[in-house]
Amino acid sequence: MKPYCRDTWVEVNLDAISANVRTFRAHTPKQTGIMAVVKADGYGHGSVQVAREAIAAGADTLGVAMLDEAIVLRKAGITEPVLVLGYTPLDSVEKAHRWDVELTAYQADWIREADRLLLQSENPAKPLGIHLKADTGMGRIGVREIPELLEVTEALAAAKRLAWTGIFTHFACADEPDTSHVKAQHERFQEMLAALREIGYQLPLVHCCNSAAAIVFPEWGYDTIRLGISLYGLYPSPYLKERQDIQLVPALSLKTRIAHVKTAAEPFTVSYGATYTAQPGEQVATLPIGYADGFSRAFSNRGIVLHNGMRAPVVGRVCMDQTMVRIDQGNARVGDEVVLYGKQGTEEFSLDEAAAILGTINYEVPCMLNARVPRIYLRNYECVEICQGIVKG
Ligand SMILES: *Cc1c(COP(=O)(O)O)cnc(C)c1O
């Protein structure tokens, strides 16, 4: 029996994840590793399942945004190196060490204090791995100037309980037609690396490419790329999708089943605010999904779903738990499968199209899908795992 009680679910095609990893393996230099970025619960796909699949397909390390996400991976028994890409508060440094999770650092004071905290704790065998972050033009976190970089590196070299295991930067505009900004960032990164080498530092793991940069500048792979959005089969921007430098396979579909069908005899209004009026003869189907699942209310009177391989528009406002659609073929029946994101027959409604309607980027669309929606994992079109998030135990 399935361990959840609703007719709305996400399907994650694990074969797509592994195909995308292999595609980047072939696209980047041989010596370049792949860090599978599985932050935000694997961009909504499920971090543990995606991490395992990516590792099996050839990724060698994992990246997350925060320590809690790393601990989820460790608790699932994943032993590959995990790097926290964002800021970690000092009071969590010991925990990172205990779970063998590498951290990102860019402030000399933070490094000195982290080292002091670890020196005080019971004497662990292995030092905590630290990747230094260089801000070469993202303006988010990282050291910006070379003297600052040297100071931070010195603090790290002097630390007894910290090991310098990586140095990286992050690009702001790698997905755009104009490459001037990303090229300036890469040049700045090279200057920083050169300044460190000049002093005699042996550089640890060097990395700078997100998905977009890995697609456009695979020769900048250094020791690893950090593969996020394209691991999931999505292009980092409509521009890169159009360019088709690389063939990706989207991993996620969102599906539901019709809960109710009615055909208007007289005009009737649909949903809160009565913003849509069904005309006589129109068929309206009710879907058991709403904005509390992460199916945005901004789809009200604008969204598209697939039924019987045809497009059907969302009518009226998306409710918290239910959404109405108009079925122009008039052939809807209770229990029919409806695809909200993905393919049905020869028709497709992609996360890219959904993002365009919502006025956002494809990254945000699967991230919105929350624990109320069960995840079903497929390999070779067969269900291999079901993960439902709200009924514990
Ligand atoms: C999220 C993130 C990535 C992955 O970026 P994509 O565009 O999804 O490939 C890489 N590096 C850092 C620092 C990130 O925060």
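All residue numbers refer to positions counted from 1 along the written sequence of the respective chain. Predicted model: local features are reported for residues with pLDDT of at least 70 only, side-chain atom pairs are reported and counted for 80 or more only, and whole-chain, interface and lining totals are derived from all residues. As a rule here, side-chain values come from all non-hydrogen atoms in the structure, and water together with hydrogens is ignored.

## Here we look at the overall build of the protein chain
Heads up, the rule is: We count a stretch as a helix when DSSP gives it H or I for four or more residues in a row; a strand needs E for two or more, and each element gets its number in order from the N terminus. Radius of gyration here uses only the C-alpha atoms, and the compact-globule reference equals 2.2 Å multiplied by the residue count raised to the power 0.38. Buried means the residue's accessible area, taken with a 1.4 Å probe over protein chains only, is under 20% of the maximum for its type, while exposed means over 50%, and partly exposed covers the values in between. Between two residues, a contact is recorded if the distance between any of their heavy atoms is within 4.5 Å. Computed by Shrake-Rupley with a 1.4 Å probe, the accessible areas treat only the displayed protein chains as cover when residues are assessed. Asp and Glu count as negative and Lys and Arg as positive, but His and the ends of the chain are not part of the count. The atom standing in for a charge is NZ when the residue is Lys, CZ when it is Arg, CG when it is Asp and CD when it is Glu.
Each helix and strand in the protein chain was counted, giving 12 helices and 21 strands. Taken against the 2.2 N^0.38 rule, which gives 21 Å for 393 residues, the C-alpha radius of gyration of the protein chain at 24 Å falls within 12% of a compact globule. For the protein chain, with 393 residues in total, the buried portion stands at 54%. Sequence separation of at least 24 residues holds for 68% of the intrachain contacts in the protein chain that already meet a minimum separation of 6. Put simply, the protein chain shows about 17300 Å² of open surface, and 51% of that area lies on carbon and sulfur atoms. One way to put it: in the protein chain the 39 positive side-chain charges average out to a point 4 Å from where the 46 negative ones average out.

## Details of the domain arrangement of the protein chain
One frequent convention defines the size of an interface as the accessible area lost when the parts assemble. As a reminder of what qualifies: Domain borders in the structure are assigned automatically or taken from a domain database.
Here the domain parsing of the protein chain yields domain 1 (14-234) and domain 2 (252-361). Distance between the C-alpha centres of domain 1 and domain 2: 40 Å.

## Section: the packing of aromatic side chains
Note the following rule: Within 6.5 Å between ring centres, the rings of Phe, Tyr and Trp (the latter by its six-membered ring) count as paired, and their orientation is classed by plane angle as stacked under 30 degrees, edge-to-face over 60, tilted in between.
Counted according to the given criterion, the structure contains nine aromatic pairs. Taken together, Tyr43, Tyr232 and Tyr363 form an aromatic cluster joined through their ring pairs.

## Some points on the pairing of strand 10 (residues 252-257)
The side chains of a regular strand alternate between the sheet's two faces. The following threshold applies: Here a strand pair is declared whenever DSSP counts at least two bridges between the two strands.
In terms of burial, strand 10 is largely enclosed, as five of its six residues are buried. The pairing of strand 1 (residues 8-13) with strand 10 spans five bridges and is antiparallel. Residue valine 10 lies in a different strand from strand 10, and its bridge partner there is leucine 254. Taken together, the four bridges between strand 10 and strand 18 (residues 337-344) define a ladder with antiparallel strand orientation. Bridge pairing in strand 18 links arginine 257 to glutamate 337.

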